[in-house]
Number of protein chains: 2
Amino acid sequence: MPAPSRSSRRAARKPRAAAPSTRKASKKASKKASKKASKKAAKKSSRKAARTPRYVFSFEMGRADGDRTRTELLGGKGANLAEMCALGLPVPAGFTISTEVCTAFYEGGRRYPDGLRDQVARALRRVERSLGRRFGDPQNPLLLSVRSGARVSMPGMMDTVLNLGLNRETVEGLAAQAGNERFAWDSYRRFIQMYADVVLGLKADGDHEFDPLTEEVEEALRKRGLKLESELSVDELRGLVDRFERIVRERTGKAFPQDPLDQLWGSIGAVFGSWNNPRAIAYRDIHGFDHDWGTAVNVMAMVFGNLGDDSGTGVAFTRDPATGERRFYGEFLRNAQGEDVVAGTRTPQPIEEMKEAFPRCYRELVRIQKLLEEHYRDMQDLEFTIERGRLYMLQTRNGKRTGFAAVRIATDMVRERRIDREEALARVEPSALDQLLKPVFDPAQLAAARRDGRVLTRALNAGPGAATGQLVFSPEAAVEAAREGRDTILVRVETSPEDIRGMQASQGFLTQRGGMTSHAALVARQMGKVCIAGAGDLHISYSRGTVTVGGRTLRAGDWISLDGFTGEVLEGQVATRDSDVMTALFGRGRAREKARKAPGFRAFQQLMKWSDAVRTLGVRTNADQPDQCEVARAFGAEGIGLCRTEHMFFEGAKIDHVRRMILAETLEERERALADLLPLQRRDFEGIFRVMAPLPVTIRTLDPPLHEFLPHEPEQVRELARTMGLSPDVLAEKIEALREANPMLGHRGCRLGISHPEITRMQARAIFEAACNVKKRLRRTVKLEIMIPLVGTRRELELQAGVVREAAAEVFARKKTKVPFLVGTMIELPRAALTAGEIAQEAEFFSFGTNDLTQTTLGTSRDDAGSFGALYLDLGVYPHDPFQSIDRDGVGRLVRIAAEEGRAARPDLKLGICGEHGGDPRSIALCDELGLDYVSASPHRLPVARLAAARAALASRSKR
Amino acid sequence: MPAPSRSSRRAARKPRAAAPSTRKASKKASKKASKKASKKAAKKSSRKAARTPRYVFSFEMGRADGDRTRTELLGGKGANLAEMCALGLPVPAGFTISTEVCTAFYEGGRRYPDGLRDQVARALRRVERSLGRRFGDPQNPLLLSVRSGARVSMPGMMDTVLNLGLNRETVEGLAAQAGNERFAWDSYRRFIQMYADVVLGLKADGDHEFDPLTEEVEEALRKRGLKLESELSVDELRGLVDRFERIVRERTGKAFPQDPLDQLWGSIGAVFGSWNNPRAIAYRDIHGFDHDWGTAVNVMAMVFGNLGDDSGTGVAFTRDPATGERRFYGEFLRNAQGEDVVAGTRTPQPIEEMKEAFPRCYRELVRIQKLLEEHYRDMQDLEFTIERGRLYMLQTRNGKRTGFAAVRIATDMVRERRIDREEALARVEPSALDQLLKPVFDPAQLAAARRDGRVLTRALNAGPGAATGQLVFSPEAAVEAAREGRDTILVRVETSPEDIRGMQASQGFLTQRGGMTSHAALVARQMGKVCIAGAGDLHISYSRGTVTVGGRTLRAGDWISLDGFTGEVLEGQVATRDSDVMTALFGRGRAREKARKAPGFRAFQQLMKWSDAVRTLGVRTNADQPDQCEVARAFGAEGIGLCRTEHMFFEGAKIDHVRRMILAETLEERERALADLLPLQRRDFEGIFRVMAPLPVTIRTLDPPLHEFLPHEPEQVRELARTMGLSPDVLAEKIEALREANPMLGHRGCRLGISHPEITRMQARAIFEAACNVKKRLRRTVKLEIMIPLVGTRRELELQAGVVREAAAEVFARKKTKVPFLVGTMIELPRAALTAGEIAQEAEFFSFGTNDLTQTTLGTSRDDAGSFGALYLDLGVYPHDPFQSIDRDGVGRLVRIAAEEGRAARPDLKLGICGEHGGDPRSIALCDELGLDYVSASPHRLPVARLAAARAALASRSKR
């Protein structure tokens, strides 16, 4: 689950529903308002009504101009309101101004289309008739809410105005109606505040924390030493309203509008205007929504849940949004408004208790929720208000749900014959599956920790799951602790390949630097570890063994917990447990048996089966250890798409030989070190091949710059110097000489193999010998695919392929057997993509290394993107993090060029992708579109990849 | 002049001409040989002769089958030999086997086409008749040379065999003929050695320094304590021949061939085989020559210049190849072979002295050289041999010449009405002009230094010219020395922008690391300084103030000289002086007047004038200082294509403000530092605009990573901490926090301006204010082009362009005037090129930053390419250094995409190139082809760019 964006957090602070109802009003104001409205209407309707299109769609219980199919015209909220009315559900009357008006408004230079005012006036009269109240009537005023509603939900992006229709006269009517003067004046006070903010644009300026009206409220509270606005008296509220009106006059040069129709048009204009506020524009850029869609405006009669104990408000779901269980689920609050449910100042009651509190309303609500789920064929999220014993439905929409619930609801609904399998696949976002595999926190302990303020910081949720352990600052300490059976969280400024053993030994990693595709993040996702990356506010001191964050200092050995779902770092221990899916696949004994019967696991298995039946893309894994291979096969891997040989180099004695090889002065010395490495590499490959045979295994020859294998801490350098019989100074100089200005663009990849063919030769021999050995022992073998990294020209591949083929011939002759193999290349440089037709002459397969291809195409090092990456997403420079989802226009275009020109040169060229994007649904859809043969993802991303591939196949099938 | 490649150095060690003539021979052997040949010929000719095409082209004085137009068929050497024969010049008879045979040889699986043997036999008979000798005749043997000859010269790439036709019998005949037994046996000895190497493939193996036959010679010399092979006696030579024959039998399993026809066909096969030896393949890859061209084989009768004092040999040019002066120029040696002229064991005499030594031959030679130059309409390089008083022409070809000579000869020949202006432009390689601008060493002193073994090492000739000065190891020392009026050479491991003042103060730079486009190289070419880069065998110790190279240790203050033409580093002082062109353009007083009349300068001016009349590409300069601008205008700049604002940041007090800006903790601190910088930047721009107005000036906003501006040496950090009132530790930490893993791909370019719009705003204000001020004062103004670097998306440009336009509006309003300006972008990331259609919506011009575009497209950091760059060129991975000439297939394709799609989106989009490639002729041709508007080059490259642009225009005109 991604960390909520700033905008959605902002949204959570906005009121959700609510509306006051009124009784009395002054006839004078009412007359004035309605006269004005009807005069205008009469003038225009006679001339235009027949000729102008319909812009305004009325709805009231039992009838509606629109329906749920018209979301493009009415927006999601408006269409669903219309639908509920047509179903005969109790919805406060209202009308929707269509998105076409928004479009026309912007196209016409912020002018409304002709005929709109007439249509609004007529719709307003209909609402008045339906409610038996009149807009602006001092005795019996109709109050309205005005809300935006685009065709897709853009939570908190646009503006809302409530309690519209109140003025100096109608407020008295409302007081009489409600029998509550304080309520009426507080409603008016809040209306002015909201209107001043949204419509009049009175914002905080200069040194002020709040906008000028909120400043006044704060000042009033301060004077009286109060904390809550609800403690202000009627007189104080009247005083505030006086001051508000004065400030509005001073700031805007005009009086606060007293005419309700002026208020209405002001609010409508503000909602349309909010479609193009900068944060809405950025939001659409990020989500790829069209700026031309426009928003609708929903105008609805206010109903109030806070008129006494016979009133209330609530939110409900037709199934459990956390588990997916089929039961009516929700909360309500007596005598409250929607925002009270959200604000958390009072604790809501479970929905079942409504049975006693509002028995008639509860029965009706249960009937309605069944009807709506049946009708929409999906779990619904409902908002309702009870005003004086009468139930009003304010909203229905498809409910948000956890990954667990998404999978279960989708498969259950297939069983219930509400939807078919394809629909089920379409309903589950692939990323939802991630949750099903991760350890989870004990929910009660997590809630307690949050409540107790133990959240230290929040950063990038780079590796999902829950982890708790004792703080360690070095890989060695993690290994040591693991030996003693202690769980650890490894905290580093950033991680590097040398840390790999410590990373394996710890439960999770927390880094100060690096983004979603930093080394720590990549390793975490490949190992299935929890990782929170780029926590810039950490201050780590390795020497003191402390980390300081948010004013608190933790020491090595202190407990810390990482919520990889949300990116939260928590102080202290929070208990975790394996998910049902993980227990069912990898657990033991009774726990396993129990998990295999759990509805969550069965739903997961079902969905995977359907996915595999539908998808056309193959799914491989990125793995370089036998245990990773076993996990991958359990998750459905059809081969290895990327085996990074260098990861093996860090284990056990190997690293010493690797360092000897790198620091060798002569070819002979290097050959000796390589000779020592060969049997160890061979054993590694044998382990992998035994698990994977007879599936294909793609092995990449040595890729990273040699510098990465060398020690950098002075102590380690001294240690290595001792074992190599060198002076530490000489060794340090040698290490320094290998340092590069831009190692990403330096002496690495096939450049190493070309300057030192003996390294490639050793690796090729180890691979072929291992495959021959496994073939002899198991009587089956892997299909080898030897992959040359960082190729930019055909000639480089030619040189390295020569070395590989020579080694194959030599080993096969010696072993008197053969194994099938292909030689191909990574396409990870723009030049490789641009000359793919040439390179395909030599390559038997391409594997798109989109991590590096993204770095070079965008000219952005993923290690260094931290300093501007977040800003770039905020400013809409990239619609998504290009290291998470392939940048379609740049990198995607290169992949397309390479796929097309490669296939043109060699029609049977095998095409795959092995970058981190191979596990990203959006990128998988692109791979499907480009006709790639397979995607390769880390073991734990395979379920996501399988589902995403299925959805991509369905999407492209439906396009055809 | 570039450093000679390994291959051309190898070529220089090969014999150039020469051939023995013989008199007597044994009838038996002759009969046997001719019988065998005629039998074969008879058998085949009857069946095939009529049907087979002509493969063999005979030539002898007065008649020839071929002519000089047929270089594709006969190769350059063969065509010119035929031409000379047709002109009636004295050429030893011979024949050329055409390149078609080579092609057929490889296509037919190394088999000769039918009919070839017949044609060779017939041609051989014709040579025998012409010479009155017979091939293999023991009494009067004909000896032959066999040489390769492709359509273009590939010096030293392929093989040659001389003295062919010698065996145990004919050697005696040769001895009698020449009256010199030693000469005959030495010829035979050398023939066996050459044949064993070239044809039989006896190479050095394992621990041996030489091939086995040369080992024998060395052994023989060692035994007798001799140094020269010419000191060996006849008996010793006979003994050597015996041992040679034994070794050949042991190594090859066969006797050394005694049949001259076998020798001939063996040699022909070896020459054809050498077409595809690895170094020839690599050579063609590098020069872009087609592998299908094939080589011809030239078989010619041997003539000998070493038969006594009535014989001799020589090389001559029809004009002075160093200066271009119109005078017959050359050298000869009496009683010598061609290889003696080359070996330098004897000092040749000037050609004029031939007048006395060989009066008749000299007169004939003078006549011939005039005739040949007239005929070929170009300066000729001639080889000749005098055998017993008779002159033979062995070769003519267009002569190699210095840049000085190339310009003078081309313009002189137009004046002499031999060629037209276009031909003159086509004749001068643009890079030749480089030489005309550089300081030159005093020729005598340079020769002496080389003779005295003062060459310390040779590395990349990154900045041409000659420089001499005292060694300094720090920029500060260079500045200090300059203040005292001392010349210095700055020696650094590598240079960085902080060193810029020291670089300006010194005469030349020598670096241990970095390639042709390293910082040192770029700055050198922009400043016109001498630079030798990437001298890996330097050992520099800053602390001791020493540099050790080739066993010698120099200290600070020692004299050192850099030959930037050849890449040689010389110990001690070698006097330099300005070239005529530089003196004429920038000198003072009488020296200037004299230089302006010098033929070299006048030829240069003439050529530039013709270039400007022809070219369609505009030519701008990369400059960021008023003095550079003045130089650029003198060299014909039509504007500035790239003004790097950051170069200015290092001067004077500016760097302090820059550092304060970078290290600011708050926006206010940063704004204060920027406010201090603004007037200083404005003054810089005013200086530039005053020189450049009314031409266009393209200014790039801040580009490099901020880290580059910060000090790194502990002492400097302490100093800065003091001035900033910070603790050195805190400052060091701040500096460290700005360090990036891959700065090239990090927080730089527009990413800086987007995260800190206040920097862009300050720069834009400084630019516009400066332009307005200059406009008011001079009543003319530059056409501003503000260029945003490292853009990858349209949105980035949009954001930065907004800041620039806002600053413009603000300044124009304040100054009550306006200046014309465009806002555009660098295209230096693959993504920018791939989305150029989008970006062009926002950009008013594109400037291709091909340095960075090459780095990202190829995934190669130019700073780190040193470790594999040379190897890559050797292995033919890239045909040229992609940082020197645009990589056509990769980078070039991106430029094409961007140009086409950018222009499609905005037809009036201005397109230029500002990478270092803007001064490279091959890249300029590509720019012309792609329809760019201009190229931009460093001031000293402008003449090259103007000529290259003219040649490109002519080439594309001729294609149309």
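Above this text sits the structure in question.
Just so you know, these numbers come straight off a predicted model, no measurement behind them.

Definitions and limits used
Residues numbered from 1 in each chain as written. Chains lettered and ligands numbered in written order. Predicted model: local features only at pLDDT ≥ 70, side-chain atom pairs only at ≥ 80, totals over all residues. Heavy atoms only, no water. Helix = DSSP H or I, 4+ residues; strand = E, 2+ residues; numbered from the N terminus. Rg over C-alpha atoms; globule rule 2.2 N^0.38 Å. Areas by Shrake-Rupley, 256 points an atom, 1.4 Å probe, with all protein chains shown as cover. Least-squares fit on C-alpha atoms with pLDDT ≥ 70 in both. Contact = heavy atoms within 4.5 Å. Buried area = accessible area lost by both parts, 1.4 Å probe. Salt bridge = Lys/Arg side-chain N within 4 Å of Asp/Glu carboxyl O. Nonpolar A, V, L, I, M, F, W, Y, C, P; charged D, E, K, R; others polar. Buried < 20%, exposed > 50% of the residue type's maximum accessible area, 1.4 Å probe, protein only. Pairing = 2+ DSSP bridges. Axes fitted to C-alpha atoms, helices over the stretch in contact; angles between N-to-C directions. Core = buried A, V, L, I, M, F, W, Y, C linked by side-chain atoms within 4.5 Å. Patch = residues over 30% accessible without salt bridge, like charges linked within 9 Å, V, L, I, M, F, W, Y side chains within 5 Å. Lys, Arg positive; Asp, Glu negative; His and termini not counted. Charge placed at Lys NZ, Arg CZ, Asp CG, Glu CD. Parallel < 35°, antiparallel > 145°, perpendicular 65-115°, else oblique. Left-handed = near helix turned anticlockwise from the far one by under 90°. Expected span 1.5 Å × (residues − 1). Bend = angle between axes of the 7 residues up to and from the residue. Phe/Tyr/Trp six-rings, centres within 6.5 Å; stacked < 30°, edge-to-face > 60°.

Engineer: Before we go on, may I ask you to explain the overall build of chain A in this structure?
Structural biologist: Looking only at helices and strands, chain A has 40 helices and 34 strands in total. Here the C-alpha radius of gyration of chain A, 33 Å, is about what a compact globule of 960 residues would show, namely 30 Å. The C-alpha extent of chain A, read off along each of the three principal axes, is 105 × 60 × 60 Å. Surface accessibility of chain A: about 38,200 Å² in total, with carbon and sulfur atoms responsible for 48%.

Engineer: Explain the relation of the copies chain B and chain A to me, please; I cannot follow it from the model alone.
Structural biologist: Put simply, the second copy of the chain is the first one after a rotation about an axis and a shift along it. After a rotation of 180° and a shift along the axis of 0.1 Å, chain B superposes on chain A with an RMSD of 0.1 Å. What we have between these two chains is a two-fold relation.

Engineer: Can you help me understand the interface of chain B and chain A in this one?
Structural biologist: How big an interface is tends to be reported as the loss of accessible area on association of its parts. Listed per partner, the contact involves 48 residues of chain B and 48 residues of chain A. Taken together, both faces of the contact between chain B and chain A bury some 4,100 Å²; the carbon and sulfur share is 55%. Here chain B and chain A share 4 salt bridges between them. Between A:Glu901 and B:Arg893 there is a salt bridge, and its shortest N-O distance comes to 2.7 Å. Where the side of chain B that touches chain A is concerned, the elements lending two or more residues are helix 30 (728-737), helix 31 (750-755), helix 33 (794-815), helix 34 (830-834), helix 36 (850-858), helix 37 (866-874) and helix 38 (888-905) of chain B. For the side of chain B that touches chain A, the leading source of residues is helix 38 of chain B, giving 6 residues. Its residues assigned to classes, the side of chain B that touches chain A comprises 20 nonpolar, 15 polar and 13 charged.

Engineer: Would you mind showing me how to read the environment of B:Trp265 here?
Structural biologist: Residues and elements named next belong to chain B. Residue placement: Trp265 occurs in helix 10 (residues 260-274). With relative accessibility at 13%, the residue Trp265 sits in the buried group. Not counting residues up to four positions away in its chain, the partners in contact with Trp265 are Tyr112, Leu116, Arg117 and Val120.

Engineer: Would you take a moment to explain the sheet that holds strand 2 (residues 63-64) of chain A for this structure?
Structural biologist: Note: strands within a sheet are paired through backbone hydrogen bonds, in either parallel or antiparallel orientation. Residues and elements named next belong to chain A. Strands sit in the order 2-1-3-8-6-7 across an open sheet of 6 strands; the sheet is antiparallel. The open sheet terminates on both sides in strands that have one partner only, identified here as strand 2 and strand 7 (160-164). Two elements, strand 3 (residues 94-97) and strand 8 (residues 295-301), share 4 bridges in a ladder whose sense is antiparallel. Pairing of Ile97 across the sheet is with Val297, part of strand 8.

Engineer: Help me understand the sheet that holds strand 30 (residues 783-788) of chain A, please; the structure alone is not making it clear to me.
Structural biologist: All names here are of chain A. Read around the closed barrel, the 8 strands follow the order 27-28-29-30-31-32-33-34; overall the barrel is parallel. Direction aside, neighbouring strands of the sheet carry axes that sit 25° apart on average. Alignment of strand 31 (residues 821-827) against strand 32 (residues 845-848), held across 3 bridges, turns out to be parallel. In the strand pairing of strand 32, Thr825 is matched with Phe846.

Engineer: Looking at this structure, how should I read the pattern of salt bridges?
Structural biologist: A side chain of one charge can pair with a side chain of the opposite charge when the charged atoms of the two come close. Residue and element names in this part refer to chain A. Applying the stated criterion to the full structure yields 135 salt bridges over all chains. The salt bridge involving Arg326 is made with Glu416; its shortest N-O contact spans 3.4 Å. One end of the pair, Arg326, is in the loop between strand 9 (312-317) and strand 10 (329-334); the other, Glu416, is in the loop between helix 15 (403-415) and helix 16 (421-427), with 90 residues separating them in the sequence. What emerges from the salt-bridge pattern is a single network uniting Arg319, Arg326, Glu373, Glu374, Glu416 and Arg418.

Engineer: Just checking my understanding: could you explain the nonpolar core for this structure?
Structural biologist: Most often, soluble globular proteins keep nonpolar side chains buried together rather than apart. Within the largest apolar cluster, 314 residues are counted, with the highest numbers of intra-cluster contacts made by A:Phe689, A:Phe768, A:Phe846, B:Phe689, B:Phe768 and B:Phe846. Residues within four places of A:Phe768 in sequence aside, it is in contact with A:Leu784, A:Ile786, A:Val804, A:Ala807, A:Ala808, A:Val811, A:Phe812, A:Val819 and A:Phe821.

Engineer: What am I meant to see in a positive patch on the surface here?
Structural biologist: A cluster of basic side chains, namely A:Arg122, A:Arg125, A:Arg126 and A:Arg129, defines a positive patch on the protein surface. Looking at the secondary structure, you find A:Arg125 in helix 5 (residues 116-131).

Engineer: Sorry, what's going on with unusual backbone geometry here?
Structural biologist: For residues other than glycine, phi is negative in most cases, and the peptide bonds are mostly trans. Residue and element names in this part refer to chain A. For the peptide bond that leads from Ala693 to Pro694, omega is 5°, which places it in the cis range. Of note, Asn163 is a non-glycine position whose phi angle comes to about 60°, a positive value. Secondary-structure assignment places Asn163 in strand 7. A relative accessible area of 4% means that Asn163 is categorised as buried. Positive phi outside glycine occurs at Arg388, with the angle close to 50°.

Engineer: Help me understand the pairing of strand 8 of chain A in this model?
Structural biologist: Consecutive side chains along a regular strand alternate between the two faces of the sheet. All names here are of chain A. Among the 7 residues that make up strand 8, 7 are buried, leaving the element largely enclosed by the rest of the structure. What you see with strand 8 is no split at all: Thr295, Val297, Val299 and Ala301 on one side and Ala296, Asn298 and Met300 on the other are buried throughout. Relative to strand 8, strand 6 (residues 144-150) runs antiparallel, the two sharing 7 bridges. Directly across from Gly149, in strand 8, lies its bridge partner Ala296.

Engineer: Is there a simple way to explain the packing of helix 7 (residues 181-198) of chain A against helix 10 (residues 260-274) of chain A in this structure?
Structural biologist: Helices that pack against each other are described as a pair by the angle of their axes relative to one another and the distance between those axes. All names here are of chain A. Between helix 7 and helix 10, whose axes approach to 10 Å, the crossing angle comes to 45°. As summarised for this structure, helix 7 and helix 10 are arranged oblique, according to the angle between their axes. Viewed along their axes, helix 7 and helix 10 form a crossing whose handedness is left-handed. When helix 7 is examined against helix 10, the residues Phe191, Tyr195 and Val198 are found in contact with a partner set consisting of Asp262, Gln263, Gly266, Ser267 and Ala270.

Engineer: Explain the packing of helix 5 of chain A against helix 10 of chain A to me, please; I cannot follow it from the model alone.
Structural biologist: All names here are of chain A. Two elements in contact, helix 5 and helix 10, have axes separated by 13 Å at closest approach and are oriented at 120°. The angle between helix 5 and helix 10 falls in the class oblique. Between helix 5 and helix 10 lies a crossing whose hand is right-handed. Judged by residue contacts, Leu116, Arg117, Val120 and Leu124 of helix 5 engage Leu261, Leu264 and Trp265 from helix 10. Split by residue class, the contact of helix 5 with helix 10 holds 6 nonpolar, no polar and 1 charged.

Engineer: I'm lost on the pairing of strand 6 (residues 144-150) of chain B in this one. Help?
Structural biologist: Most of strand 6 of chain B is tucked away: 7 of the 7 residues are buried. Residue alternation in strand 6 of chain B divides its side chains into two sets, B:Leu144, B:Val146, B:Ser148 and B:Ala150 and B:Ser145, B:Arg147 and B:Gly149, and both sets are buried.

Engineer: Looking at this structure, I do not really get helix 3 (residues 71-86) of chain B. What am I missing?
Structural biologist: The periodicity of an α-helix, 3.6 residues per turn, causes residues three or four places apart in sequence to face the same way. Residues and elements named next belong to chain B. With 16 residues, helix 3 extends just 15 Å between its outermost C-alpha atoms, more than 12% less than the 22 Å of an ideal straight helix rising 1.5 Å per residue. If you look at helix 3, its biggest bend is around 80°, right at Lys77. A large share of helix 3 lies buried, amounting to 12 of its 16 residues. Taken together, the buried positions of helix 3 are Leu73, Leu74, Gly75, Gly76, Gly78, Ala79, Asn80, Leu81, Ala82, Glu83, Met84 and Cys85.

Engineer: Explanation requested: the packing of aromatic side chains in the structure shown.
Structural biologist: How two aromatic rings sit relative to each other is set out by the distance from centre to centre and by the angle between their planes. Residues and elements named next belong to chain B. Evaluation of the coordinates by the stated rule reveals 50 aromatic pairs over all chains. Ring centres of Tyr195 and Phe256 lie 5.4 Å apart, and the angle between their planes is 75°; this geometry places the pair in the edge-to-face category. One end of the pair, Tyr195, is in helix 7 (residues 181-198); the other, Phe256, is in the loop between helix 9 (234-252) and helix 10, and 61 residues separate them in sequence. Pair check on accessibility: Tyr195 and Phe256 agree, each one buried.

Everything listed here is a matter of coordinates, which is why it stays silent on function.
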